[in-house]
Amino acid sequence: MRAGPRHVACVMDGNGRWAQRRSLPRTAGHRAAEAAVIDVIEAARAAGVEWLSLYAFSTENWNRPGAEVEFLMRLVRRVVRKHAPLLLARGIRCRFLGVSDPRIPRALAQDFEDAALLTAENRGMTLTVAFDHGGRRDIVEAARSLILSGTPADEVTERLFADHLPFPDTPDVDLVVRTSGEQRISNFMLWQVAYAEWVFPEVLWPDFRAPDFLACLHTYRRRDRRFGGVAARTNGDPS
Ligand code: IPE
Ligand code: IPE
Ligand code: MG
């Protein structure tokens, strides 16, 4: 079995369906998601995951009803304020990917900045919360930044391009976990997931807990990652 994964990214999906199944408003599902988030952060850290990225709000999620969006803004603010001291105590460095839309309440953006600053010196796991994130937007921004830097076209390499993405120190994603059975990428860290392994547990995000997360790590460790080469369990000799 392989070691790792070093970088796990989660598409935290299924909050609305969790609530619907209980005849509750969708917002109740978002509220119930908090416990899963905390459990997964703790489980990832304890399992030695170095980078954990959580997809909390996409650039497309602005298309949701205004009341749901407002609820999410308030909820995320409360969760970040409440748990920032825990992240600090656990040695977790926390940062926020995206966060560029002017519709984001100023107070929430400030709380993101405060939590990032508070935990900036931590050297344990890096937790990246993707909020108002879109993979395509990041790629377009990187292209703009490259052009503005005056780099000649024939000097643009994949490495140089990646250096213009937000948080360029982020390693490639090894494993993406998308809960709720949906099997799509939904514009998540497009550049970084190029060679990720994917797992799609059926469980809805509010019910997702440490054992579910550890099961995903176990699945990953049994995968044969080939990166376009040949299977590790053969000797690669075609004869
Ligand atoms: C994920 O759950 C949370 C966010 C996208 C903010 P959903 O709200 O997408 O839940 P479903 O997919 O409708 O069940
Ligand atoms: C993706 O989930 C975004 C987050 C989990 C934050 P969605 O539920 O918004 O994705 P689609 O609309 O089903 O693709
Ligand atoms: Mg969804």
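Rules of the game
Residues numbered from 1 in each chain as written. Chains lettered and ligands numbered in written order. Predicted model: local features only at pLDDT ≥ 70, side-chain atom pairs only at ≥ 80, totals over all residues. Heavy atoms only, no water. 1 Å grid on protein atoms, 1.4 Å probe; cavity = no way out; pocket = protein on both sides within 12 Å on 5 of 7 lines; lining within 4 Å. Points joined across faces, edges and corners; volume = space filled by probe spheres on them. Helix = DSSP H or I, 4+ residues; strand = E, 2+ residues; numbered from the N terminus. Nonpolar A, V, L, I, M, F, W, Y, C, P; charged D, E, K, R; others polar. Expected span 1.5 Å × (residues − 1). Buried < 20%, exposed > 50% of the residue type's maximum accessible area, 1.4 Å probe, protein only. Contact = heavy atoms within 4.5 Å. Near = heavy atom within 4 Å. Polar contact = N/O pair within 3.5 Å; in protein donor to acceptor, adjacent residues only side chain to side chain. Areas by Shrake-Rupley, 256 points an atom, 1.4 Å probe, with all protein chains shown as cover. Sits in = over half its atoms within 2 Å of the grid points.

Draft legend 1. Spotlight on the layout of surface pockets. By volume, the largest pocket amounts to about 790 Å³. Broken down by secondary-structure element, the contributors of at least two residues to the lining of the largest pocket are helix H1 (15–20), helix H2 (26–46), strand S2 (51–58), helix H3 (66–89), strand S3 (93–98) and strand S4 (126–133). Sorting elements by how many residues they give to the lining of the largest pocket places H3 first, with eight residues. Of the residues contributing to the lining of the largest pocket, the split by class is 22 nonpolar, eight polar and nine charged.

Draft legend 2. Molecular detail of empty space enclosed by the protein. In total, this model carries one cavity of 30 Å³ or more according to the counting rule given. Around the largest cavity, the lining residues are Leu97, Thr128, Pro166, Phe167, Thr170, Met189 and Gln192. Looking at the lining of the largest cavity residue by residue, the class counts come to four nonpolar, three polar and no charged.

Draft legend 3. Quick peek at H2. Between its first and last C-alpha atoms H2 spans 31 Å; for 21 residues at 1.5 Å apiece the expected length is 30 Å, and the two agree. Residues of H2 that are buried: Thr27, Ala28, Gly29, His30, Ala33, Glu34, Ala36, Val37, Val40, Ile41, Ala43 and Ala44. If you follow the buried residues of H2, they end up packed against strand S1 (7–11), H1, S2, H3, S4 and helix H7 (210–222). Backbone geometry just downstream of H2 places Gly48 in the positive-phi region, at approximately 85°.

Draft legend 4. The arrangement of the site of ligand 2 in detail. Taken together, the neighbourhood of ligand 2 is formed by Val11, Met12, Asp13, Tyr55, Ala56, Phe57, Asn61, Arg64, Arg178, Arg184 and Ser186. A distance of 3.2 Å separates an oxygen atom of ligand 2 from a polar side-chain atom of Asp13. Measuring from an oxygen atom of ligand 2, one finds a side-chain N or O atom of Arg64 at 3.2 Å. Protein chains shield 77% of the accessible area of ligand 2, which is 390 Å² for the free molecule. When atom positions are compared with the pocket grids, ligand 2 is found to occupy the largest pocket. At three residues, S2 tops the list of elements feeding residues into the shell around ligand 2. For the shell around ligand 2, the per-class residue count stands at five nonpolar, two polar and four charged.

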